[in-house]
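This is what each chain is made of:
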Amino acid sequence: MVYTDKEKKEIARSEYSKLNVGEDVLIEKEKKIGYVSEVFGQPPEKDMVSSLEDLKARFQGALSGLNGYIVTDKKITQETRPEDVHEVTILFEGSEAKFDQNFTGAVRDWVLTDAPTALQISMAKRLGIKTGKISQLDAASKEVKVAMDRYPNARFKFYAHSLGGLNLQASLGSLEDKYLNRVDGAYIYEAPNLYPQLSDEEKKQVDKIKYKIYNFIDKRDLVTWEHSEEGN
């Protein structure tokens, strides 16, 4: 389905909705983009676990604070085969901002993910020193591959905001060629620039699909840190 820029922004906003498996995902209160098939950060549904790696990725995401949704064009039931799904939308939520309501989630995002990743980006850009992925970014990368393996006939679109954009950038860099040709688009809103921290191989993979990646940046926003005219 084709969406306007405004509708794409609304899809990204739905990352922050409190949705359960099986629920409709609506924009503008009436336009359905699909059904929630999986929720990051929650124990997996029994029929959603396809391998040990799948299970490990889900629990790694839960422990590291990964939040978001996998949305499919068909509602997943006992009668639905994963092969019958043709469109998948993955939504990555940004940092938890309400310390008073979800202190643990906020600490996982801001203290265990945002701050060390910012340090990594700075070290990579200024000193050429690169270290491995923070746990949440690694979990996101694994979850994306698991989803693309689970729905082998589906085309994928990605939406992310803020910290979610870091998770998405890391995920795109981790994809081998067999996955890249199934990416229809990636829409990233107000996220830091992870590109300096990517390995040469990861940059090579991202560069292959740059024409499918849309970064929306307000340079006055400190969150969009380290973006420049080149090297994004």
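Residues numbered from 1 in each chain as written. Predicted model: local features only at pLDDT ≥ 70, side-chain atom pairs only at ≥ 80, totals over all residues. Heavy atoms only, no water.

**Remarks on the packing of aromatic side chains**
- The final tally for this structure, using the stated rule, is five aromatic pairs.
- On the basis of an interplanar angle of 25° and a centroid distance of 6.2 Å, the ring pair of Phe-156 and Phe-158 is categorised as stacked. Both residues of the pair, Phe-156 and Phe-158, belong to the buried class.
- Between Tyr-189 and Phe-216, the aromatic rings sit 4.8 Å apart at their centres with planes inclined by 5°, giving stacked as the arrangement. (Phe/Tyr/Trp six-rings, centres within 6.5 Å; stacked < 30°, edge-to-face > 60°. Buried < 20%, exposed > 50% of the residue type's maximum accessible area, 1.4 Å probe, protein only.)

**Notes on helix 3 (residues 103–127)**
- End to end, helix 3 covers 34 Å across 25 residues, agreeing with the expected 36 Å (1.5 Å per residue, within 8%).
- Of all the bends in helix 3, the greatest reaches close to 30° and is centred on Asp-114; the proline Pro-116 follows between one and four positions later.
- Listing the buried residues of helix 3 in full gives Gly-105, Ala-106, Asp-109, Thr-113, Asp-114, Thr-117, Gln-120, Ile-121, Ser-122 and Ala-124.
- Residues of helix 3 that are buried make contact with helix 2 (52–64), helix 4 (135–150) and helix 5 (163–173).
- Within two residues after helix 3, Gly-128 carries a phi angle of roughly 75°, on the positive side. (Helix = DSSP H or I, 4+ residues; strand = E, 2+ residues; numbered from the N terminus. Expected span 1.5 Å × (residues − 1). Bend = angle between axes of the 7 residues up to and from the residue. Contact = heavy atoms within 4.5 Å.)

**Re the sheet that holds strand 5 (residues 155–161)**
- Judged by pairing direction, the sheet is mixed, and its seven strands sit side by side in the order 1-2-3-4-5-6-7 without closing on themselves. The outermost strands of the open sheet, each flanked by one partner alone, are strand 1 (24–27) and strand 7 (213–216). Strand after strand, the sheet turns through a mean of 25° between neighbouring axes, direction not considered.
- Relative to strand 6 (residues 183–189), strand 5 runs parallel, the two being bridged by six bridges. (Pairing = 2+ DSSP bridges. Axes fitted to C-alpha atoms, helices over the stretch in contact; angles between N-to-C directions.)

**Some points on the environment of Asp-218**
- Locating Asp-218 in the fold gives a position in the segment after strand 7.
- Relative accessible area serves as the criterion here: at 29%, Asp-218 is assigned to the partly exposed category.
- For the pair Asp-218 and Val-144, spaced 74 residues apart in the sequence, the C-alpha separation amounts to 27 Å.
- Leave out the neighbours within four places in its chain, and Asp-218 touches Glu-190 and Thr-224.

**Notes on unusual backbone geometry**
- Look at Ser-162: it is not a glycine, yet its phi comes out positive at around 55°.
- With respect to the helices, strands and loops of the structure, Ser-162 is situated in the loop between strand 5 and helix 5.
- Despite not being glycine, Glu-190 has its phi angle at roughly 55°, a positive value.

**A look at a nonpolar patch on the surface**
- On the surface, a cluster of nonpolar side chains totalling about 510 Å² of accessible area is made up of Phe-99, Phe-103, Trp-110, Val-111 and Leu-112.
- By the secondary structure assignment, Trp-110 is in helix 3.
- The partly exposed category is assigned to Trp-110, whose relative accessible area is 37%. (Patch = residues over 30% accessible without salt bridge, like charges linked within 9 Å, V, L, I, M, F, W, Y side chains within 5 Å. Areas by Shrake-Rupley, 256 points an atom, 1.4 Å probe, with all protein chains shown as cover. Salt bridge = Lys/Arg side-chain N within 4 Å of Asp/Glu carboxyl O.)

**Notes on the nonpolar core**
- By size, the foremost hydrophobic cluster in this structure holds 38 residues, and its most contacted members are Ile-90, Phe-92, Phe-156, Phe-158 and Leu-172.
- Considering each element in turn, this core owes the most residues, six residues, to helix 4.
- Listed in part, the 15 residues of the second largest apolar core include Ile-11, Val-71, Leu-91 and Tyr-159. (Core = buried A, V, L, I, M, F, W, Y, C linked by side-chain atoms within 4.5 Å.)

**Quick look at the confidence of the model for the chain**
- In this model, the chain carries a mean pLDDT of 90, and residues with pLDDT of at least 70 account for 98%.
- Predicted confidence in the chain is weakest over helix 2, with a mean pLDDT of 85, and strongest over strand 4 (residues 87–92), with 98. (pLDDT = per-residue confidence, 0-100.)

**Looking at the pairing of strand 5**
- Direction of pairing for strand 4 relative to strand 5: parallel, over a ladder of six bridges. Bridge pairing in strand 5 places Ile-90 opposite Phe-158.

**Thoughts on the pattern of salt bridges**
- Considering all chains together, one arrives at 18 salt bridges under this definition.
- The salt bridge involving Lys-6 is made with Glu-28; its shortest N-O contact spans 3.2 Å. Pair noted here: Lys-6 is in helix 1 (residues 5–13) and Glu-28 is in the loop between strand 1 and strand 2 (31–40), with a separation of 22 residues, a long-range link.
- On the basis of relative accessible area, Glu-28 is assigned to the partly exposed category, the value being 41%.
- Note that Glu-202 and Lys-133 form a salt bridge whose closest N and O atoms lie 3.7 Å from each other. On the criterion of sequence distance, the pair formed by Glu-202 in helix 7 (residues 200–208) and Lys-133 in the loop between helix 3 and helix 4 is long-range, its members being 69 residues apart.

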